[in-house]
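# Breakdown of the fold
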Amino acid sequence: MSHIAVVDYGMGNLRSVQKALEHVAPDREVLVSSDPAVVLAAERVVFPGQGAMRDCMREIEARHLRPALQQAARSQPFLGICIGLQLLFDHSEEGDTAGLGILPGRVRRFDVAQRRDAAGQRLKVPHMGWSQVAPTRSHPLWAGLARDTRFYFVHSYYVEPANDAVSAATTTYPDRFCCAVAQENLFAVQFHPEKSDRAGLTLLSNFVHWNP
Amino acid sequence: MGLARRIIPCLDVNAGRVVKGVNFTGLRDAGDPVEVARRYDDQGADEVTFLDITASSDGRGLILPVIEAVSAEVFIPLTVGGGVREVADIRALLNAGADKISMNSAAVTNPRLVADAADRFGSQCIVVAVDAKRDPATGGWQVYTHGGRRETGLDAVAWAVEVCRLGAGEILLTSMDRDGTRSGFDLALTRAVVDAVPVPVIASGGVGSLQDLADGILIGGADAVLAASIFHYGEHSVQSAKAYLAERGVEVRQ
């Protein structure tokens, strides 16, 4: 069996993602790599990310990873995480940046500067902490996860798919937004499964065993 | 239902070992950071914070293998503070597996560090720790550094706002008046900073009871509460703290 590739484009630490995958799949080799050939040869691909979208796109281009990512997102079990979800879309308001354009839609900033929650408290950005995730449809990656399970989020932008049908889950902050997408072999989440305790490990385990 | 308030146990680490009594029953070696962190994770901690209090320069690097070992086994956010002086320190800790880096004295000495670090690694991983003491002269609070020993002349609320402008993604707010007293958070300080900044605020310093945690959230408005001794000495588990908070209408992850 071939390896699981964690795509490294120089934006932040991928150690947690790697360790969490090794934890749920001790029999697999997890390779953190920026080599397009390693990505394309992988049995499955994890596409994490942090930092600013514009910097991410620049680093992806510098490593000639765009074609490999576009192909992997069409052909291999593919899991995007956080910026790895946002990068799949056409465009982000963050730095007015074009994304990979694998899914139609855009990435928007939380506009909560003047918003208050039910208790009258100002809403903070980034959205940081544990929010409940409500799947909008059944999917193998939700196996064993109750509706409204909490996952760990930290982000200031959220995705707005042009096509509602790709949405796989929503959460609320302060309005409901799409926090997971699914399309054939592709699944991507705004939250961090590698930091979401048992729920996150369940999702990663589901991904490792998923055969779309 | 929305965002859960976070409960964050804090561990003091000296030369790679957890210090302060840790009194988990059945724990063979209370000083092993991995074992302690795993136990807090089992109890439902939403994050764990490590404060490196190593004084000797040759003991300093020992926090890195600790973070590497913990992050390979504990899959919740890890924050590390103490002794962070430059961008290279932040990079080393992030690479070891920390999710957020907290800085205090270095931010005061060199505010540019906050901006550089946020620019390089993203605001989401940059926490500024604000240690504040009531200032009878002004009726406000003043920022202290070096573990509360050095006065800065900075107003705590204004400083918190300033570091957010520079790029801090979270504020770890400690009342130096209350720290170690077990008499509860300084709620007026907490409320003043929570209302002033656009980012989440972790309240710290003074927790002696579960009621104090509830007050920090319900009266102080804190997004998260950090405590050491009430969890270390086995008086309360994170679980029982969450059950207590949930009964009082606080949204928590259970």
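Up top is the structure these notes are about.
Before going into details, it helps to say that this report is about the structure given with it. (Residues numbered from 1 in each chain as written. Chains lettered and ligands numbered in written order. Predicted model: local features only at pLDDT ≥ 70, side-chain atom pairs only at ≥ 80, totals over all residues. Heavy atoms only, no water.)

## Here's the deal with the overall build of chain B
We count it as follows: Strands here mean DSSP runs of E at least two residues long; helices mean DSSP runs of H or I at least four residues long; both are numbered from the N terminus. Here the radius of gyration uses the C-alpha set of atoms, whereas the globule reference equals 2.2 Å times the residue count to the power 0.38. Per-residue accessibility, obtained with a 1.4 Å probe over protein chains only, is compared with the maximum for each type, and a residue is labelled buried under 20%, exposed over 50%, and partly exposed between these values. Only the protein chains shown count as covering a residue, and every accessible area follows the Shrake-Rupley method with a 1.4 Å probe. Charged residues are defined narrowly, with Lys and Arg counted positive, Asp and Glu counted negative, and His plus the chain ends left uncounted. The atoms used to mark charge sites are NZ of Lys, CZ of Arg, CG of Asp and CD of Glu.
Helix and strand counts for chain B come out as 10 helices and 11 strands. In terms of C-alpha radius of gyration, chain B reaches 17 Å, essentially the compact-globule figure of 18 Å for 254 residues. Each principal axis of the C-alpha atoms in chain B carries an extent, and together these give about 50 × 45 × 35 Å. Among the 254 residues that make up chain B, the fraction classed as buried is 60%. Summed over its atoms, the accessible surface of chain B is roughly 9,400 Å², and 48% of this surface lies on carbon and sulfur atoms. When the 24 positive and 33 negative side-chain charges of chain B are each reduced to one mean point, those points stand 1 Å apart.

## Overview of the nonpolar core
Quick note on the threshold: Only buried residues count toward a nonpolar core, which is a set of Ala, Val, Leu, Ile, Met, Phe, Trp, Tyr and Cys residues joined through side-chain atoms within 4.5 Å. By definition, residues are in contact when any of their heavy atoms lie within 4.5 Å.
Ranked by size, the top nonpolar core spans 83 residues in total, and within it Phe50(B), Ile90(B), Met103(B), Val128(B), Ile171(B) and Leu213(B) carry the most contacts. When residues in this core are grouped by element, the largest group, 7 residues, is from helix α6 (residues 156-166) of chain B. Once residues within four sequence positions are removed from consideration, Met103(B) is found in contact with Val84(B), Ile90(B), Leu113(B), Val114(B), Ala117(B), Ile126(B), Val127(B), Val128(B) and Ala129(B). The next biggest cluster of nonpolar side chains, apart from the first, holds 75 residues, and it includes Ile60(A), Ala72(A), Phe177(A) and Ala180(A).

## Examining the pattern of salt bridges
Our working rule: A side-chain nitrogen of Lys or Arg and a carboxyl oxygen of Asp or Glu constitute a salt bridge if their distance falls within 4 Å.
Following the criterion strictly, the structure yields 31 salt bridges over all chains and no others. Two residues, Arg58(A) and Asp55(A), come together in a salt bridge whose shortest N-O distance is 3.2 Å. Note that Arg58(A) and Asp55(A) are positioned in helix α3 (residues 53-62) at a spacing of 3 residues, about one turn of the helix. Residue class for Arg58(A) comes out partly exposed when judged on its relative accessible area of 48%. The structure contains a network of salt bridges with shared partners spanning Asp197(A), Arg198(A), Asp41(B), Asp42(B), Asp46(B), Lys242(B) and Arg253(B).

## Describing the interface of chain A and chain B
Our working rule: The term buried area refers to how much accessible surface (probe radius 1.4 Å) is lost by two components on association, counted for both of them together. Here a polar contact is recorded for every N or O atom pair within 3.5 Å, except that within protein the pair must consist of a potential hydrogen donor and a potential acceptor, and residues adjacent in sequence are included only if both atoms are side-chain atoms.
Each partner contributes to the interface: chain A provides 30 residues, whereas chain B provides 43 residues. Carbon and sulfur atoms supply 49% of the area that chain A and chain B bury against each other, a total of about 3,000 Å² over both sides. Summed over the three residues of chain A that lose the most area to chain B, namely Lys124(A), Met128(A) and Trp130(A), the buried surface amounts to 23% of that side. Between chain A and chain B we count 6 salt bridges in total. Residue Asp41(B) pairs with Arg198(A) through a salt bridge whose shortest N-O separation is 3.7 Å. The interface formed by chain A and chain B includes 18 residue pairs in polar contact (both at pLDDT 80 or more).

## Topic: the packing of aromatic side chains
Convention followed: In this analysis, rings of Phe, Tyr and Trp, with Trp reduced to its six-membered ring, are considered paired at centre separations within 6.5 Å, and the interplanar angle assigns stacked below 30 degrees, edge-to-face beyond 60, and tilted for intermediate values. Geometrically, a charge over a ring is one whose NZ (Lys) or CZ (Arg) sits within 6 Å of the ring centre while staying within 35 degrees of the ring normal.
A complete count under the given rule lists 12 aromatic pairs over all chains for this structure. On the numbers, 5.6 Å between centres and 80° between planes, the contact of Phe110(A) with Tyr173(A) is edge-to-face. Placement of the pair is Phe110(A) in the loop between β7 (103-109) and β8 (127-135) and Tyr173(A) in the loop between β11 (167-172) and β12 (176-183), with a sequence separation of 63 residues. Taking relative accessible area as the criterion, Phe110(A) reaches 7% and is therefore assigned buried. You can call Tyr173(A) buried: its relative accessible area is 6%. One aromatic cluster is present, built from ring pairs that chain together Phe110(A), Tyr158(A), Tyr173(A) and Phe177(A). For Arg248(B), the ring lying beneath its charged end belongs to Tyr244(B), and the centroid distance is 3.6 Å. The ring of Trp130(A) is capped by Arg253(B), whose NZ or CZ atom sits 3.7 Å from the centre of that ring.

## Overview of the packing of helix α1 (residues 33-43) of chain B against helix α2 (residues 63-71) of chain B
In a pair of packed helices, the angle between the axes and the distance between the axes together describe the arrangement. Residues and elements named next belong to chain B. Just so we agree on the cut-off: In this analysis, axes come from line fits to C-alpha atoms, helices being fitted only over the stretch in contact, and the angle between any two N-to-C directions falls in the range 0 to 180 degrees. Note on angle classes: values under 35 degrees are labelled roughly parallel, values over 145 roughly antiparallel, values of 65 to 115 roughly perpendicular, and the remainder oblique. Left-handed describes a crossing whose near helix is turned anticlockwise from the far helix through less than a right angle; right-handed describes the clockwise counterpart.
Packing of α1 against α2 leaves a shortest axis separation of 9 Å and a crossing angle of 40°. Classified by the angle between their axes, α1 and α2 sit oblique to one another. Relative to α2, α1 is oriented so that their crossing is right-handed. Along the contact surface, α1 presents Pro33, Val34 and Ala37, while α2 presents Val66, Ala69 and Val70.

## Here we look at the pairing of strand β5 (residues 100-103) of chain B
All names here are of chain B. To keep it simple, the criterion reads: Paired strands, in this sense, are two strands between which DSSP finds at least two bridges. A crossover counts as right-handed when, viewed with the strands pointing away from the observer, the path leading from the first strand over the helix to the second turns clockwise.
Side chains of β5 alternate between two faces, with Lys100 and Ser102 and Ile101 and Met103 buried alike. Pairing of strand β4 (residues 78-81) with β5, which is carried by 3 bridges, proceeds in the parallel orientation. Note on β5: the bridge partner recorded for Gly81 is Ser102. What joins β4 to β5 is helix α3 (residues 87-96), and the crossover it makes is right-handed. Pairing between β5 and strand β6 (residues 126-135): 3 bridges, direction parallel. Residue pairing across strands places Ile101 opposite Ile126, the latter belonging to β6.

## Comments concerning unusual backbone geometry
All names here are of chain A. A cis amide bond, omega 10°, links Val125 with the succeeding residue Pro126. Of note, the bond from Tyr173 into Pro174 is cis; its omega dihedral lies within 30 degrees of zero at -20°. Of note, Pro174 is situated in the loop between β11 and β12. The phi dihedral of Asp96 is positive, around 45°, even though this residue is not glycine. Considering the arrangement of structural elements, one finds Asp96 in the loop between β5 (89-92) and β6 (97-98).

## Regarding the packing of helix α1 (residues 15-24) of chain A against helix α6 (residues 197-208) of chain A
Residues and elements named next belong to chain A. For clarity, the cut-off: Under the scheme applied, nonpolar residues are Ala, Val, Leu, Ile, Met, Phe, Trp, Tyr, Cys and Pro; charged residues are Asp, Glu, Lys and Arg; polar residues are all the others, including Gly.
Taken N-terminus to C-terminus, the directions of α1 and α6 make an angle of 70°; their axes are 9 Å apart at the nearest point. One element, α1, and the other, α6, form an angle in the roughly perpendicular class. Note that α1 runs across α6; the crossing there is right-handed. Seen from α1, the contacting residues are Ala20, Leu21, His23 and Val24; seen from α6, they are Leu201, Leu204, Ser205 and Val208. Broken down by class, the residue content of the contact of α1 with α6 amounts to 6 nonpolar, 2 polar and no charged.

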